[in-house]
Each structure stands twice: as structure tokens, then as C-alpha cells.
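# Coordinate analysis (summary)
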Amino acid sequence: MNKTEIAEFELATLELLKTVMDPEIEINIVDLGLIYELKYNGENEINIDLTFSTPSCPLGETIITNIKETIAQKHPSTHTNVNVVFEPKWTSALVSDKGKKILGLKY
């Protein structure tokens, strides 16, 4: 794959991840600003840096499992690594305008 195809794959995968919801507040993890980075190596591996709104997120493992299952359904031969990070710290400023509207926040 060339750089353009990789970028398109990454964008399409982010769109796919909009179907993964935070089970506590029923907003997708992309619009919630939980995905810090998504990189595809052009072959068979996706690396995702993900955060949670709090380090003690009780449903963190559920979200990670849902990410991996969602990608595997679309791309069964692709391996997904999910790295949980807490730097930078998540804030409501990371929520998309769409997410802010859903949550009733100013945007």
C-alpha cells in the first residue's frame, strides 16, 4: 500500500470505530475523544493509542474488546494492538462538536 492508501485505510477505520460506544454514556469512542492515534502499517497491523476519561474506567476492557472485535469483523486478517495511555490526560476539550452536542456541552 502507498501512503495515500494507508491514510484512507486509517480514516475508514476511524469511521468504523464510531460504531464502538462507551457503554456508560452511549457515545462513540471517536467522538468522545478517546482515540489519540490510529496507525496502520500497510500490511496487517493496526496500532491504536486509546485513553479513558478516568484511569479507573470500570468498562475499559469491554471497550478494548469491542474495538478489536469491530476491526476483526471488517478486516479478519489484521491484528489490532490497543495501547492504553493517560498522557495527555483526557479532558472534555477532546470531545468532537458532534459529541458535545450529544452530551449537551457547549461547542
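Everything below is about the structure printed above this text.
Residues numbered from 1 in each chain as written. Predicted model: local features only at pLDDT ≥ 70, side-chain atom pairs only at ≥ 80, totals over all residues. Heavy atoms only, no water.

## Focus: the overall build of the protein
- The secondary structure content of the protein amounts to three helices and five strands.
- For the protein, the C-alpha radius of gyration of 14 Å lies close to 13 Å, the compact-globule estimate for 107 residues.
- By residue count, 37% of the 107 residues in the protein fall in the buried class.
- Within the protein, contacts between residues separated by at least 24 positions form 58% of all contacts whose residues are at least 6 apart in sequence.
- Within the structure as shown, the protein displays about 6,500 Å² of accessible surface, and the carbon and sulfur contribution to it stands at 51%.
- The averaged location of the 16 negative side-chain charges in the protein is 8 Å from the averaged location of its 10 positive side-chain charges. (Helix = DSSP H or I, 4+ residues; strand = E, 2+ residues; numbered from the N terminus. Rg over C-alpha atoms; globule rule 2.2 N^0.38 Å. Buried < 20%, exposed > 50% of the residue type's maximum accessible area, 1.4 Å probe, protein only. Contact = heavy atoms within 4.5 Å. Areas by Shrake-Rupley, 256 points an atom, 1.4 Å probe, with all protein chains shown as cover. Lys, Arg positive; Asp, Glu negative; His and termini not counted. Charge placed at Lys NZ, Arg CZ, Asp CG, Glu CD.)

## A few points about the environment of Leu59
- With respect to the helices and strands, the residue Leu59 is situated in the loop between β4 (45-50) and α2 (60-74).
- Beyond its immediate stretch of four places on either side in the chain, Leu59 contacts Pro23 and Glu24.

## Observations concerning the packing of aromatic side chains
- One pass over the structure, following the stated rule, counts one aromatic pair.
- With 3.9 Å between their ring centres and 25° between their planes, Phe9 and Tyr40 make a pair best called stacked. Of the two residues, Phe9 is situated in helix α1 (residues 3-17) and Tyr40 in strand β3 (residues 35-40); the sequence distance between them amounts to 31 residues. Both residues of the pair, Phe9 and Tyr40, belong to the buried class. (Phe/Tyr/Trp six-rings, centres within 6.5 Å; stacked < 30°, edge-to-face > 60°.)

## Considerations on the pairing of β3
- In this structure, β3 lies alongside β4, joined through five bridges in antiparallel fashion. Residue pairing for β4: Lys39 is matched across the bridge by Asn47.
- Where β3 hands over to β4, the hairpin turn is made up of four residues, of which Gly42 adopts a positive phi near 85°. (Pairing = 2+ DSSP bridges.)

## Brief notes about a nonpolar patch on the surface
- On the surface, Ile25, Ile102, Leu103 and Leu105 cluster together into a nonpolar patch covering about 320 Å² of accessible area.
- Along the chain, Leu105 turns up in the segment after α3 (97-103).
- Note on Leu105: relative accessible area 36%, which makes it partly exposed. (Patch = residues over 30% accessible without salt bridge, like charges linked within 9 Å, V, L, I, M, F, W, Y side chains within 5 Å. Salt bridge = Lys/Arg side-chain N within 4 Å of Asp/Glu carboxyl O.)

## What about the pairing of β4?
- With burial as the criterion, only one face of β4 is covered, namely that bearing Ile46, Ile48 and Leu50; the residues Glu45, Asn47 and Asp49 on the opposite face remain uncovered.
- Sheet topology places β4 next to strand β5 (residues 79-84); six bridges connect them, and they run parallel. Along β5, the bridge assignment pairs Glu45 with His79.
- For the crossover that starts at β4, traverses α2 and ends in the parallel β5, the hand is right-handed. (Right-handed = clockwise from strand over helix to strand, strands pointing away.)

Any link to function would need more than the numbers given here.
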